[in-house]
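Each chain is listed here by its residues.
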Amino acid sequence: MLPYGNGRSYGDSCLNPEQALLKTRNLDHFIHFDPGTGVISCEAGVLLSEILDICVPQGWFLPVTPGTRFVTVGGAIANDVHGKNHHALGTFGCHVRCFELLRSDGERRMCSLEENPEWFAATIGGLGLTGLIVWAEIQLRPIANPWIDVETIQFGHIDEFFVLSDASQHDYEYTVSWIDCLAKDKHLGRGLFMRGNHAPAGTIGHYQSRSRTFVLTPPVSLVNSLSLKAFNALYYNKQRVKQSCSVQHYESYFYPLDGIQHWNRMYGPRGFYQYQSVTPMENRVEVTRALLREIERSGMGSFLAVLKLFGDQVSPGLMSFPRPGVTLALDFPNKGEALHRLFKRLDAIVEEAGGTLYPAKDGRMSGKLFRKGYPRIEQFLSYVDPKFSSSFWRRVMEGGSE
């Protein structure tokens, strides 16, 4: 069996064909919220969006949030999700105070840093394999309003990205970059660097929440070399000045894709793969440049190409993906064998650099790369529930080295 939240993982870590799924969305009750301390407890099937709806009007916000608010609390813990502020506040698991874990034999364990700390560590980032998270208690962070002060800076090449990142680590809570994955030569790695902080009290902004729907799945992917080239050029040059400032609502800043329901349909019936890597800070410029060169040469790329630095914040999870280094994430239309050949070349660069890939967004990583990238796996195995598994787990643990 396998716990299943809202199905927002891009790969097969939330899939379990021909086996049982424990669908947790009916575990959707709030248990307690203290507006004085920002401590909230809720069942594991509650969505992050539902927490925000209750807490933002009372001056609290999620300490860490991924790029969609439509994930469950259980899924956020199981994947130990990260956001734009890893360098400041670490992963989601860093702010989980405790949770209850239900094992397949009926045993219930309270888990925290003080009580069953080894189970706490194994379950955070444990991909839902240690048992079913029933409920959790989380520490929120205070805010004055729903607005984010955002600065967007156009940069011309990858070296400039690292200069901006280093200069922004202490003064900005949120940093992330969109990059033009088709740029080459002296423009390799050019993009837009976005940094921001929660706005102070008294800030006034204007925002109207809008939701659109990608109604139909086209017969072929709308993401191709022509559309990519046009979009990337337009997006890179969207602002007429090198540096601009704006006040943005948290929804548009953190969750731009949530405003387009079924956006994945634009990739056509064959869908897409996301490739998200993390590589160490050592030789960071050379390694990132090598990855971008391979992607540019392939002619395959993404509208959604994200580059940022992970900080030194240590996750409590045994199997957590974030670690100090450079993380690069791109969505690729599924072009079959040609794409998989590119992935193997990227894998080789990541492995040689001592990096790894993100299980929550993976659909094809080899068992060899997985085991090498997660050196505490032998320790983790003793906490896996014998009745729990997933497509991802069987693939990387039973599929050999390829």
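Residues numbered from 1 in each chain as written. Predicted model: local features only at pLDDT ≥ 70, side-chain atom pairs only at ≥ 80, totals over all residues. Heavy atoms only, no water.

In space, the 8 strands of this open sheet follow the order S14-S10-S12-S11-S17-S18-S16-S19, with antiparallel pairing throughout. The sheet is open, and its two borders are formed by strand S14 (243–249) and strand S19 (356–357), each paired with just one other strand. The sheet contact formed by strand S10 (residues 147–155) and S14 spans 7 bridges and is antiparallel. Paired with Thr 152 across the strands is Ser 244, a residue of S14. This element, helix H5 (residues 158–168), spans S10, strand S11 (174–179), strand S12 (191–198), strand S17 (305–310) and strand S18 (325–333) of the sheet and lies at about 45 degrees to S17. Running over the sheet, helix H8 (residues 284–298) touches S11, strand S16 (272–279), S17 and S18 and is turned about 5 degrees from S18. (Pairing = 2+ DSSP bridges. Helix = DSSP H or I, 4+ residues; strand = E, 2+ residues; numbered from the N terminus. Contact = heavy atoms within 4.5 Å. Axes fitted to C-alpha atoms, helices over the stretch in contact; angles between N-to-C directions.)

Let us now look at the pattern of salt bridges. Taken as a whole and assessed by the stated rule, the structure comprises 19 salt bridges. Residue Asp 12 is joined to Arg 395 by a salt bridge in which the shortest nitrogen-to-oxygen separation is 2.9 Å. Taken together, the residues Asp 12 in the loop between strand S1 (2–4) and strand S2 (21–23) and Arg 395 in helix H12 (residues 391–398) connect sequence positions 383 residues apart. Its salt-bridge partner being Glu 351, residue Lys 372 comes within 3.4 Å of it at the nearest N-O pair. Here Lys 372 is found in helix H10 (residues 367–373), whereas its partner Glu 351 is found in helix H9 (residues 337–353), with 21 residues between them in sequence. The exposure class of Lys 372 is exposed, given its relative accessible area of 53%. (Salt bridge = Lys/Arg side-chain N within 4 Å of Asp/Glu carboxyl O. Buried < 20%, exposed > 50% of the residue type's maximum accessible area, 1.4 Å probe, protein only.)

Ile 51 and Phe 99 are the most contacted members of the largest nonpolar core, which totals 93 residues. Per-element tally for this core: the top contributor is H9, with 6 residues. Setting aside residues no more than four positions away along its own chain, Ile 51 makes contact with Phe 30, Ile 40, Cys 42, Val 46, Leu 62, Val 73 and Leu 140. (Core = buried A, V, L, I, M, F, W, Y, C linked by side-chain atoms within 4.5 Å.)

With that settled, the discussion passes to the sheet that holds strand S7 (residues 108–112). The sheet built from 5 strands is open, its strands ordered S3-S4-S8-S6-S7 with antiparallel pairing. In this open sheet, the two strands that pair with only one neighbour each are strand S3 (30–34) and S7. The sheet shows a mean angle of 10 degrees between the axes of neighbouring strands, direction not considered. With 6 bridges joining them, strand S6 (residues 96–102) and strand S8 (residues 132–139) adopt antiparallel strand pairing. Note that in S8 the partner of Val 96 across the bridge is Ile 138. The strands touched by helix H1 (residues 48–55) within the sheet are S3 and strand S4 (39–43), with S3 carrying the most contacts at an inclination of about 40 degrees.

Under the defined criterion, the tally for this structure stands at 27 aromatic pairs. Both rings, one in Trp 263 and one in Phe 272, keep their centres 5.6 Å apart while their planes meet at 40 degrees; by these two values the pair is tilted. Side by side, Trp 263 and Phe 272 carry an identical accessibility label, which is buried. Centre to centre, the rings of Tyr 275 and Phe 343 are 5.3 Å apart; their planes meet at 15 degrees, and the pair counts as stacked. On the criterion of sequence distance, the pair formed by Tyr 275 in strand S16 and Phe 343 in helix H9 is long-range, its members being 68 residues apart. Grouped by ring-pair contacts, the aromatic residues Phe 61, Tyr 174, Tyr 250, Tyr 253, Phe 254 and Tyr 255 constitute a single cluster. Its guanidinium or amino end placed over the ring of Tyr 236, Arg 190 lies 4.1 Å from that ring's centre, counting from NZ or CZ. (Phe/Tyr/Trp six-rings, centres within 6.5 Å; stacked < 30°, edge-to-face > 60°. Lys NZ or Arg CZ within 6 Å of the ring centre and 35° of its normal.)

The next subject is the side chain of Thr 123. The residue Thr 123 is located in helix H4 (residues 117–123) in this model. A polar contact is formed between the side chain of Thr 123 and the backbone oxygen of Trp 119, at a distance of 2.8 Å. Once residues lying within four places of it in the same chain are set aside, the contact partners of Thr 123 are Ile 77, Ala 78, Phe 99, Leu 101, Thr 130 and Ile 133. (Polar contact = N/O pair within 3.5 Å; in protein donor to acceptor, adjacent residues only side chain to side chain.)

As far as function goes, none of this settles anything; it's purely spatial.
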